[in-house]
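Chain residues, written in single-letter form:
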Amino acid sequence: MESSLHQVWESASGNPFSPTIGKGSHFLVGFSLLTIGLLLSGLFGLNRSVVNIGVIGIPASLAIAFGAVYMICAVGVYV
């Protein structure tokens, strides 16, 4: 078991991680997600119904959550 873990470690050293969204665009992505989330939250507050929970409410909360994480990463506090 140790030899296979060592092989994985050695093979990973030649293949560095490159993120899908680069560090330079974290602020733009975070700001966009927060803006979309706040707009959807306002729309959901105006039109509350059971159908709008899945259509507007859940995407709004996900956009705010991911936007907050990206904004935290944009200012240098990595989670």
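These numbers were taken from a predicted model, which means no experiment stands behind them.

## With respect to the overall build of the chain
- Helix and strand counts for the chain come out as three helices and zero strands.
- Radius of gyration (C-alpha) of the chain: 19 Å, far over the 12 Å computed for a compact globule of 79 residues.
- Its C-alpha atoms put the chain at 60 × 30 × 15 Å along the principal axes.
- When each of the 79 residues of the chain is scored for burial, the buried share is 14%.
- Considering only intrachain contacts with a sequence separation of at least 6, the fraction spanning at least 24 residues in the chain is 62%.
- With an accessible surface of roughly 6,200 Å², the chain has 72% of that area assigned to carbon and sulfur atoms.

## Brief notes about the packing of helix α2 (residues 26-46) against helix α3 (residues 50-74)
- Two elements in contact, α2 and α3, have axes separated by 7 Å at closest approach and are oriented at 150°. When the axis of α2 is compared with that of α3, the two are roughly antiparallel. Handedness of the α2/α3 crossing: left-handed.
- Its residues placed into classes, the contact of α2 with α3 shows 21 nonpolar, seven polar and no charged.

## Thoughts on the side chain of Asn52
- Mapped onto the secondary structure, Asn52 falls in helix α3.
- Take Asn52: its relative accessible area is 16%, and that puts it in the buried class.
- Here Asn52 is in contact with Phe44, Asn47 and Gly57, once residues within four sequence places are set aside.

## Some points on the environment of Ser61
- Relative to the assigned elements, Ser61 resides in helix α3.
- As a C-alpha pair, Ser61 and Leu40 span 21 residues in sequence and 8.7 Å in three-dimensional space.

## Describing the confidence of the model for the chain
- Taken residue by residue, the chain gives an average pLDDT of 89. The fraction at 70 or more is 95%.
- For the chain, the element scoring lowest by mean pLDDT is helix α1 (residues 2-13), at 77; α2 scores highest, at 96.

## Remarks on the packing of aromatic side chains
- For the structure shown, the criterion picks out one aromatic pair.
- Each ring, one from Phe27 and one from Phe31, has its centre 6.2 Å from the other, and the planes form 10°; the classification is stacked. Pair noted here: Phe27 and Phe31 are both in helix α2, with a separation of four residues, about one helical turn.

Conventions adopted
Residues numbered from 1 in each chain as written. Predicted model: local features only at pLDDT ≥ 70, side-chain atom pairs only at ≥ 80, totals over all residues. Heavy atoms only, no water. Helix = DSSP H or I, 4+ residues; strand = E, 2+ residues; numbered from the N terminus. Rg over C-alpha atoms; globule rule 2.2 N^0.38 Å. Buried < 20%, exposed > 50% of the residue type's maximum accessible area, 1.4 Å probe, protein only. Contact = heavy atoms within 4.5 Å. Areas by Shrake-Rupley, 256 points an atom, 1.4 Å probe, with all protein chains shown as cover. Axes fitted to C-alpha atoms, helices over the stretch in contact; angles between N-to-C directions. Parallel < 35°, antiparallel > 145°, perpendicular 65-115°, else oblique. Left-handed = near helix turned anticlockwise from the far one by under 90°. Nonpolar A, V, L, I, M, F, W, Y, C, P; charged D, E, K, R; others polar. pLDDT = per-residue confidence, 0-100. Phe/Tyr/Trp six-rings, centres within 6.5 Å; stacked < 30°, edge-to-face > 60°.

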